[in-house]
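Per-entry structural report
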Amino acid sequence: MGKSLVIVESPAKAKTINKYLGKDFKVMASYGHVRDLVPKQGAVNTDDFSMKYEIIKKNKKYIDAICDAVKNAKALYLATDPDREGEAISWHVYEILKAKNLLNGTPVYRIVFHEITKSAIEEAIANPRQLSEDLINAQQARRALDYLVGFNLSPLLWRKIKRGLSAGRVQSPALRMIVEREMEIEAFVPQEYWTIEADLNKDRRDFIAKLIEFEGEKIEQFSIGEEGQAETVRAKLLQEADGTLEVVSVEKKKRKRRPSAPFTTSTLQQEASRKLGFTAQRTMRVAQQLYEGIDIGDGAVGLITYMRTDSVAIADEAVREIRDLIADRYGDEKVPKTPNVYKTKTKNAQEAHEAVRPTSVMRVPEEIKAHLSSDQFKLYDMIWKRTVACQMIDAVINTVAVNFACGAGNTFRATGSSVAVPGFLEVYEEGLDETKESDEQNMLPELKSGERVKLKDIRAEQHFTKPPPRYTEASLIKSLEEYGIGRPSTYTSIISTLLARDYVELENKRFRPTNVGRVVNAFLTEHFNQYVNYEFTAELEDELDEISRGERDWVPVMQDFWREFHTQVEEKSNLSRTELIQDRILGEDPKTGKPVSVRMAKFGPVVQIGTKDDEEKPRFAGIPPDMSMETITLEEALHLFKLPRELGETDEGEPISVNIGRYGPYVRFGNKFASLKKDDDPYTITRERALELIAEKKEAEANKVIKTFEDSPIQVLRGRYGPYITDGNKNARIPKGTEPESLTLETCQELIAAAPEKKNRRRGGRKKAT
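What follows is about the overall build of the protein chain. Within the protein chain, the secondary structure is distributed over 21 helices and 29 strands. Considered along the principal axes of its C-alpha atoms, the protein chain spans approximately 100 × 85 × 65 Å. Looking at the protein chain residue by residue over its 770 residues, the buried ones come to 48%. Considering only contacts in the protein chain between residues 6 or more positions apart, those separated by 24 or more positions represent 68%. Total accessible area on the protein chain stands at roughly 40200 Å², and carbon and sulfur atoms take up 47% of it. Computed over 118 positive and 123 negative side-chain charges, the inter-centroid distance for the protein chain is 5 Å.

Next comes the structure, spelled out in structure tokens:
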């Protein structure tokens, strides 16, 4: 009889596990998902919700290898990740093998582990279970829901708005969050307010006190609303003070700060964004490497526990090890009497899982740094510190608040604090999404009630209220989690999908919706509001969680969803484009009296003068990417029609014009084009500057040609990825070590003949949306 066969997702994970299991086992990788729904209508049968799957082409060779290996296996262990997605991969592998009649009585086991260590793997092998039908059903329901929403809404968006658009069940509410925040920012009206501060000095130490009471009235944020009032208040206070302020009360307190809970997927992504500047995708990629195993000198070992989790629990054995390390490295006094216990706040958290933590805190980051990449070290160091800190004593902060009298009924207050006992702060402090003023470590001089303190000046400071900030990756993930939208395995894909579809863009690491994103959101919130509703999306996530726990049957959930959703899609399909999407009317064109409107056209947002019913065709102007369809004014819109601008001719007599196209502003000379640089403005660019750009373009074109052949279309050219040969129909690589200039026509003809035919790709090069 052969070896026992163990199936995991990745070759890195296979390599690590193989080290622990020995010669009686063979570990193979499926290389991720092995099957998906067929990418066409009818993949989900909406009568009984049966599904049609096909093997993913790029993974076929790996599945074939597993099929060959299982023929001689004495047992099959399905060891994919311990979540719904992992369960589904195991089930798909099992279904493929069963359909091919390759199991033939071979025992099949499902094993799960939350860390890739010798003890965890051996324990999993010793305690196998059967595949979980509940987890599989939950994942099938999730995939079916995503398919039905995407496959039915996307074509509607294509027909009614613009080709190439798509809608998703979970990313659409996330898009709505980003758009609504942008609308809040646009609608925000700043409000002026003033604060009054006293610059004080004692024992050669400067400090500041803020006015909290004036003439017996408490000072609120908008109590002082303009400069004249602020200067009047300042003058009165200076007169009352006469160079000093009197201490009237000194209040000292001790405050405790508890360490943050160990990482979940969400908090890990948020903190890596704040502290390390990592995207969610980068964080999860590096975390996966740490989980699957790194060779730190004696073979590969998993350095952290499973990184997709919403639990903050830590195994008792791990807690004991952490407490031992704290006592050894930082002193017995830094270890609390009883272990710190954290409760998971996330709804439906899977408590069987653990928080993201090192598999052993005895692997100190600095000691294994030489074996880690820069990103791996940064992330492991952060996880290690957060984990150690969570089992340390609280920090104790000394706070002091001192009130100063400035005549009757006028009070200033100075606050300060200092760390009395660092506790966990010696190791780790959590980052913040938005920086806030803090008086921590702001030490005040020793002050006693009744003493007078020197006043250097009283200042009136102008402020304006600020709009809510745009979402960062960290704050968006936090909001999604608070609403109950998405799960640990989906946060990354939600963000990457919105960016990939150009619905949002990152500007200074903050999300800003594009014009296309806003139009899609407006369409969905107007006509499919329920499906971008935060509560509805969260409730559906809850139902999927109930299915995964065996508390609910998945088919009735699908039936309820499809019945209402399908009816709505049918209703909206029969409406005309103008009924579904209202163009934004900006006013009238003063020259023609025709209406000026904004709408989404085939290749993007445009301003339109006139209507399709006019005798003359409407005129169009593209809206630049940095201009919003929602906020563009009539004046700004009319300004766009100053293009194209005629700039004369080149020295060769080619007409020069400047315009904005699908890919940005450009100069046209004859039948050729040159893109404008970042600092060039198409509305003000001069002929001289246009000629510079044309000269650069011509030089680049001239340098592109390495060699031509008389009476032959074949050329040797410089390309983005190096020199190549082309005949206009096919491209051929130049053999390594061959100088492009030395190529003969015969050699080029042979290379062109041997080159593969160009793939017939649709415009955009993307697969049909499913």
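Okay, the environment of E215 next. Tracing the backbone through its elements, the reader meets E215 in the loop between β8 (205-214) and β9 (217-218). Along the chain, E215 and I111 lie 104 residues apart, while their C-alpha atoms are 73 Å from each other. Contacts of E215, omitting those with residues within four sequence positions, involve K236, G409 and N410.

Before going further, it helps to spend a moment on the pattern of salt bridges. Summed over the entire model, instances satisfying the criterion amount to 56 salt bridges. K253 is the partner of E251 in a salt bridge, and the nearest nitrogen-oxygen pair spans 3.5 Å. When its relative accessible area of 51% is taken as the criterion, K253 is described as exposed. A single network of salt bridges, built from pairs that share partners, joins E182, R470, E505, E507 and R512.

Attention now moves to the confidence of the model for the protein chain. Mean pLDDT over the protein chain works out to 90, with 96% of the residues at or above the 70 mark. Highest mean pLDDT in the protein chain belongs to helix α12 (residues 374-389) (97); lowest belongs to helix α18 (residues 577-580) (73). Here residues 761-770 is modelled with pLDDT under 50, and outside its nearest four sequence neighbours on either side it reaches 10 contacts, counting other chains as well.

This paragraph deals with the sheet that holds strand β26 (residues 705-708). The strands making up a sheet are joined through hydrogen bonds of the backbone, oriented either antiparallel or parallel. The 4 strands are arranged β26-β27-β28-β29 in an open sheet whose pairing can be described as antiparallel. Every other strand in the sheet has two partners, leaving β26 and β29 (731-733) as the edge strands with one partner each. With direction set aside, neighbouring strand axes in the sheet form an average angle of 30°. Relative to strand β28 (residues 722-726), strand β27 (residues 715-719) runs antiparallel, the two sharing 5 bridges. Bridged to V716 within β28 is I725. Along the sheet, helix α20 (residues 687-704) contacts β26, β27 and β28; its crossing angle with β26, the most-contacted strand, is approximately 50°. Contacting β27, β28 and β29, helix α21 (residues 745-754) runs over the sheet at an angle of about 85° to β28.

This part is about the environment of L245. Mapped onto the elements, L245 comes out in strand β10 (residues 244-257). On the basis of relative accessible area, L245 is assigned to the buried category, the value being 0%. Taking the C-alpha atoms as reference points, L245 and N403, 158 residues apart in sequence, are found 9.6 Å from one another. Excluding its chain neighbours within four sequence positions, the residues that come into contact with L245 are A198, L200, F404, A405, C406, F412, E451, R452 and V453.

Our next topic: empty space enclosed by the protein. Counting across every chain of the model gives 1 cavity of 30 Å³ or more. Computed from the structure, the largest cavity encloses a volume of approximately 60 Å³. Taken together, V149, L153, A167, G168, R169, S172, Y531, V532, F536, L540 and F561 make up the full set of residues lining the largest cavity. Counting only elements with at least two residues in the lining of the largest cavity, the list comes to α5 (133-160) and α16 (534-548).

Our focus in this paragraph is the packing of helix α3 (residues 84-99) against α5. With their axes 8 Å apart at the nearest point, α3 and α5 run at an angle of 100° to one another. Taken together, the axes of α3 and α5 lie roughly perpendicular to each other. Judged by residue contacts, R84, E85, E87, A88 and W91 of α3 engage L135, I136, A138, Q139, Q140 and R142 from α5. Looking at the contact of α3 with α5 residue by residue, the class counts come to 5 nonpolar, 2 polar and 4 charged.

Take T16: it is sitting in helix α1 (residues 11-21). A distance of 3.1 Å separates a polar side-chain atom of T16 from the backbone oxygen of A12. Beyond its immediate stretch of four places on either side in the chain, T16 contacts I116, E292, G293, A300, V301 and G302.

Okay, helix α15 (residues 515-527) next. For α15, with 13 residues, the first-to-last C-alpha span of 18 Å sits near the 18 Å given by 1.5 Å per residue. Most of α15 is tucked away, with 10 of its 13 residues classed as buried.

For the rest of this paragraph, the subject is helix α17 (residues 554-573). Under the 1.5 Å per step criterion, the end-to-end length of α17 is 28 Å for 20 residues, consistent within 8% with the ideal 28 Å. Here α17 has its buried residues at W554, V555, V557, M558, F561, W562, F565, Q568, V569 and K572. Residues of α17 that are buried make contact with α5, α15, α16 and α18.

Overall, antiparallel pairing links the 4 strands, which are arranged β22-β23-β24-β25 in an open sheet. Pairing within the sheet leaves two strands with one partner each, and these edge strands are β22 (645-649) and β25 (672-675). On average, adjacent strands in this sheet sit at an angle of 30° to one another, irrespective of strand direction. The sheet contact formed by strand β24 (residues 664-669) and β25 spans 4 bridges and is antiparallel. What sits directly across from R668, in β25, is F673.

Evaluated as defined, the whole model comprises 18 aromatic pairs. When the centroid spacing of 5.0 Å and the interplanar angle of 25° are considered together, the rings of Y147 and F151 count as stacked. Here Y147 pairs with F151, and both are found in helix α5, just 4 residues apart, close to one helical turn. No difference in accessibility class separates Y147 from F151, as the two residues are buried. Put simply, the rings of F523, F528, Y531, F536, F561, W562 and F565 touch in pairs and so form one group of aromatic residues. Geometry around Y534 places R176 over its ring, the cationic atom sitting 4.8 Å from the centre.

Before going further, it helps to examine the pairing of β27. In terms of strand pairing, β26 meets β27 through 3 bridges, oriented antiparallel. Pairing of K707 across the sheet is with V716, part of β27. What sits between the antiparallel neighbours β26 and β27 is a turn of 6 residues, in which D711 has the positive phi angle 60°. Here β27 hands over to β28 after 2 residues, the two strands then running antiparallel side by side.

Procedures and definitions
Residues numbered from 1 in each chain as written. Predicted model: local features only at pLDDT ≥ 70, side-chain atom pairs only at ≥ 80, totals over all residues. Heavy atoms only, no water. Helix = DSSP H or I, 4+ residues; strand = E, 2+ residues; numbered from the N terminus. Buried < 20%, exposed > 50% of the residue type's maximum accessible area, 1.4 Å probe, protein only. Contact = heavy atoms within 4.5 Å. Areas by Shrake-Rupley, 256 points an atom, 1.4 Å probe, with all protein chains shown as cover. Lys, Arg positive; Asp, Glu negative; His and termini not counted. Charge placed at Lys NZ, Arg CZ, Asp CG, Glu CD. Salt bridge = Lys/Arg side-chain N within 4 Å of Asp/Glu carboxyl O. pLDDT = per-residue confidence, 0-100. Pairing = 2+ DSSP bridges. Axes fitted to C-alpha atoms, helices over the stretch in contact; angles between N-to-C directions. 1 Å grid on protein atoms, 1.4 Å probe; cavity = no way out; pocket = protein on both sides within 12 Å on 5 of 7 lines; lining within 4 Å. Points joined across faces, edges and corners; volume = space filled by probe spheres on them. Parallel < 35°, antiparallel > 145°, perpendicular 65-115°, else oblique. Nonpolar A, V, L, I, M, F, W, Y, C, P; charged D, E, K, R; others polar. Polar contact = N/O pair within 3.5 Å; in protein donor to acceptor, adjacent residues only side chain to side chain. Expected span 1.5 Å × (residues − 1). Phe/Tyr/Trp six-rings, centres within 6.5 Å; stacked < 30°, edge-to-face > 60°. Lys NZ or Arg CZ within 6 Å of the ring centre and 35° of its normal.

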